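Each chain, written out:
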Amino acid sequence: MELISEFDPFLAKHIGKFGQCDGHTNYLSSTIYEEIIQLMADKIRNGVPIERFLQFLPNTGHKAIKLFDSVTKLLNSYEIEIENCRGQSYDNARNMSGIYSGLQARIKELNPLIEYVPCSAHSLNLVGSCAADSYGHDDACKSLNSSWNEIRNALISITNNLTEKATTINEARSILNKLDSLETAFMTVLWGCLLDRLNKAKYKKSRDRVRKSFHDETCNQEQELEGRDKFRVKTYTVILDCLTNELEDRRAAYFLFNSRFSFLGKLREYSVDEIIEFAKNLQNVYKEDLEEDFLNECIHLQAHLKNKEKMSILQLCKWLNEYGFYEMYPNIDIAIRIFVCTPAANCSTGRSFSCLKRIKTYLRSQIKQERFNSMAILTIESSLLVSLPYKDIIKSFTNKTARRQLLKLK
C-alpha cells in the first residue's frame with residue numbers, strides 16, 4: 001500500500017493521516033490485509049457452476065499415488081463428495097492417464113462413473129510429435145518457407161567470401177546444395193502445412209528399415225524404387241499413414257463417451273425405437289442419476305423439438321434453462337449437464353500458470369501458500385472480482401474479527 005501511495009495522492013493522504021494514528025483502529029496492518037484477501041477469495045469460490053480455478057497445489061512429486069492423495073485432500077477441503085463427480089481430464093502422461101495405476105484409474109476405483117477424457121489439445125500435439133518425430137521442426141519449416149531466397153543468398157555470399165574459414169565455406173556450400181534439391185523444397189512445404197496446426201517436434205533422422213528375407217527368397221526379389229516412386233513410398237505415404245493411425249487411436253478415447261450422449265442432439269433424426277434404445281443404454285450407465293422417466297422424457301422432447309431449429313447439445317442445455325423447461329425434463333437436464341460439464345481439454349487450467357509472473361515478483365519473493373492461492377484466484381477470476389459485493393466482505397470481516405460480545409444478564 002505504501003508503494004502504491006507514491007503514485008496515488010488520495011491513498012498517500014489517507015495513510016499519512018491514519019497510518020500512524022495511535023489509539024485508533026486503522027486496519028492497515030499486514031495481518032488485516034491477509035484476512036481481507038482470504039475473504040475475497042472465498043467469495044469468488046462460491047460462484048455459479050462453471051469451470052473455475054481453485055488453487056495451486058504444492059509439488060508432491062510425479063507419482064500417481066502422491067497426486068491421488070493431493071487431489072482427494074483438495075476435494076475434501078472444499079467438501080466436494082467424489083461420489084457426485086462425473087468427469088476428469090488431464091494430459092496424456094502415463095502417471096495421469098495410465099489405465100492400471102494412473103491418477104485417473106485410482107480415482108475411478110473410488111467412483112467408476114468419473115469418466116476420464118484425455119485433453120484434446122495434448123492429444124493433437126502428441127499426434128504431430130509421433131508423426132513428425134523423424135522429419136521436421138515447425139520453426140525450421142516456417143523459417144525456410146518465409147525466407148527461402150534470403151537464406152539461399154546468404155549461403156551464396158558466405159561461399160564466395162574468401163575471408164571465411166575453409167570449414168565455414170564448405171559447410172555453407174553443402175547446405176546450399178541441399179536447398180537446391182527438389183526433395184528438400186517439397187518436404188519443407190509439406191511439413192510447413194502440417195506442423196502449422198500440429199505441435200513442434202525435434203528433427204531426428206531415422207535409419208532405413210530393411211525387411212527380413214526368408215529362406216526361400218533371394219535378395220533380388222525385392223523391387224528397388226528410385227526417384228519419385230521411392231520418395232512417395234518411403235517418405236510421403238509413411239507420413240500420412242502415421243498421422244492417420246495416431247488420429248484414429250486417439251479418437252477412440254473420445255468416441256465411447258460421446259456416443260452415449262450424442263443422440264440427445266439428434267432426437268429429430270431417430271425413430272422412437274432408436275431413441276428408447278439409446279436412452280436405455282445411457283440410463284444403465286448412470287442408474288443413480290437418471291430415473292425411469294428418462295425414456296418418456298426423450299420421446300416427449302422429440303415431439304417438442306419437431307418444429308424447432310436444429311440445436312447442439314450445448315444449445316439445448318441453454319434452451320432448457322432459458323425457458324424453464326428443465327422442470328419438465330429434469331432427467332434430460334441432468335444428462336446434458338453431465339455431458340457438457342465433462343472437460344474435453346484442460347488448456348484453460350494451463351493458462352492459469354501465466355498469472356504467476358504477475359503475482360510472484362521480486363517485490364513479493366516470499367509469499368505463503370495460503371496468500372498465494374488467494375491472490376491467484378483474485379487475478380485469474382478478475383471478472384468476478386469486479387462484481388464482488390464489498391459490503392458483504394466488510395460485514396464478513398467484522399463478524400470474523402469482532403471482539404465485543406454481548407453479555408446476557410439474568
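Before any of the text, the structure's been laid out above.
Residues numbered from 1 in each chain as written. Predicted model: local features only at pLDDT ≥ 70, side-chain atom pairs only at ≥ 80, totals over all residues. Heavy atoms only, no water.

Draft legend 1. Main features of the overall build of the protein. Tallying secondary structure elements over the protein gives 21 helices and two strands in all. Among the 410 residues that make up the protein, the fraction classed as buried is 30%. Across the protein, the fraction of contacts at a sequence separation of at least 24, relative to all contacts at a separation of at least 6, is 71%. For the protein, the accessible area works out to roughly 29,100 Å², and carbon and sulfur atoms hold 53% of it. (Helix = DSSP H or I, 4+ residues; strand = E, 2+ residues; numbered from the N terminus. Buried < 20%, exposed > 50% of the residue type's maximum accessible area, 1.4 Å probe, protein only. Contact = heavy atoms within 4.5 Å. Areas by Shrake-Rupley, 256 points an atom, 1.4 Å probe, with all protein chains shown as cover.)

Draft legend 2. Summary view of helix H19 (residues 369–380). A rise of 1.5 Å per residue sets the reference length of H19, with its twelve residues, at 16 Å; its end C-alpha atoms lie 16 Å apart and thus fit the reference within 8%. Looking at H19, one finds that the buried residues are Phe 372, Asn 373, Ser 374, Met 375, Ala 376, Ile 377 and Leu 378. (Expected span 1.5 Å × (residues − 1).)

Draft legend 3. Molecular detail of the side chain of Thr 159. For Thr 159, the position within the fold is in helix H9 (residues 148–160). With residues near it in sequence (within four places) discarded, Thr 159 still touches Ile 169, Ala 172 and Arg 173.

Draft legend 4. Highlighting the side chain of Asp 333. Within the fold, Asp 333 resides in helix H16 (residues 330–340). Asp 333 has contacts with Leu 320, Asn 321 and Tyr 326, leaving out every residue within four places of it along the chain.

Draft legend 5. Here's a closer look at helix H15 (residues 313–322). All of the buried residues in H15 are Ile 313, Leu 316, Cys 317, Trp 319 and Leu 320. Looking straight down H15, one finds that the buried residues subtend no more than 165 degrees of arc, so they occupy a single side. Exposed and oriented more than 90 degrees from the buried face of H15 are Lys 318 and Glu 322. (Arc of directions from axis to C-beta.)

Draft legend 6. Spatial organisation of the packing of aromatic side chains. All chains considered together, the criterion is met by ten aromatic pairs. On the numbers, 5.9 Å between centres and 15 degrees between planes, the contact of Phe 257 with Phe 339 is stacked. On the criterion of sequence distance, the pair formed by Phe 257 in helix H12 (residues 227–261) and Phe 339 in helix H16 is long-range, its members being 82 residues apart. Residue class for Phe 339 comes out buried when judged on its relative accessible area of 19%. Ring pairs connect the aromatic residues Phe 257, Phe 261, Tyr 286 and Phe 339, which therefore count as one cluster. (Phe/Tyr/Trp six-rings, centres within 6.5 Å; stacked < 30°, edge-to-face > 60°.)

Draft legend 7. Highlighting the pattern of salt bridges. Inspection of the entire model under this criterion finds seven salt bridges. The closest approach of N and O atoms between Glu 115 and Lys 108, which form a salt bridge, is 3.9 Å. Since its relative accessible area comes to 27%, Lys 108 is described here as partly exposed. Ionic pairing is found between Arg 232 and Asp 229, a salt bridge with its closest N-O pair at 3.6 Å. Of the two residues, Arg 232 and Asp 229 both sit in helix H12, three residues apart, roughly one turn of that helix. Looking at Arg 232, the relative accessible area reads 43%, which means it is partly exposed. On the basis of relative accessibility, which here comes to 35%, the residue Asp 229 falls in the partly exposed class. Through salt bridges that share partners, Lys 108, Glu 115 and Arg 260 make up one connected network. (Salt bridge = Lys/Arg side-chain N within 4 Å of Asp/Glu carboxyl O.)

Draft legend 8. Seen up close, unusual backbone geometry. A positive phi angle is found at Glu 79, which is not glycine, with a value near 55 degrees. Turning to its location among the elements, Glu 79 is positioned in the loop between helix H4 (64–77) and strand S1 (87–88).

Draft legend 9. Up close: the nonpolar core. Within the largest apolar cluster, 30 residues are counted, with the highest numbers of intra-cluster contacts made by Leu 264 and Phe 294. Every element with two or more residues in this core is listed here: H12, helix H13 (272–285), helix H14 (294–304), H15 and H16. When residues no more than four places from it in sequence are discounted, the contact partners of Phe 294 are Phe 263, Leu 264, Ala 279, Leu 282, Gln 283, Asn 331, Ile 332 and Ala 335. (Core = buried A, V, L, I, M, F, W, Y, C linked by side-chain atoms within 4.5 Å.)

Draft legend 10. Layout of the packing of H9 against helix H10 (residues 166–179). Two elements in contact, H9 and H10, have axes separated by 8 Å at closest approach and are oriented at 145 degrees. In the packing of H9 onto H10, the handedness of the crossing is left-handed. Packed against H9, whose contacting residues are Trp 148, Ile 151, Arg 152, Leu 155, Ile 156, Ile 158 and Thr 159, the element H10 presents Thr 168, Ile 169, Ala 172, Arg 173, Ile 175, Leu 176 and Leu 179 at the interface. The residue makeup of the contact of H9 with H10, split by class, is ten nonpolar, two polar and two charged. (Axes fitted to C-alpha atoms, helices over the stretch in contact; angles between N-to-C directions. Left-handed = near helix turned anticlockwise from the far one by under 90°. Nonpolar A, V, L, I, M, F, W, Y, C, P; charged D, E, K, R; others polar.)

Draft legend 11. Molecular detail of the packing of H15 against H16. Axis separation between H15 and H16 bottoms out at 10 Å; the angle between their running directions is 135 degrees. Of the possible angle classes, the one that applies to H15 and H16 is oblique. H15 and H16 meet at a crossing whose hand is left-handed. Residue-level contacts link Ile 313, Leu 314, Leu 316, Cys 317, Leu 320 and Asn 321 of H15 to Ile 332, Asp 333, Ile 336, Arg 337, Phe 339 and Val 340 of H16. Considered class by class, the residues forming the contact of H15 with H16 number nine nonpolar, one polar and two charged. (Parallel < 35°, antiparallel > 145°, perpendicular 65-115°, else oblique.)

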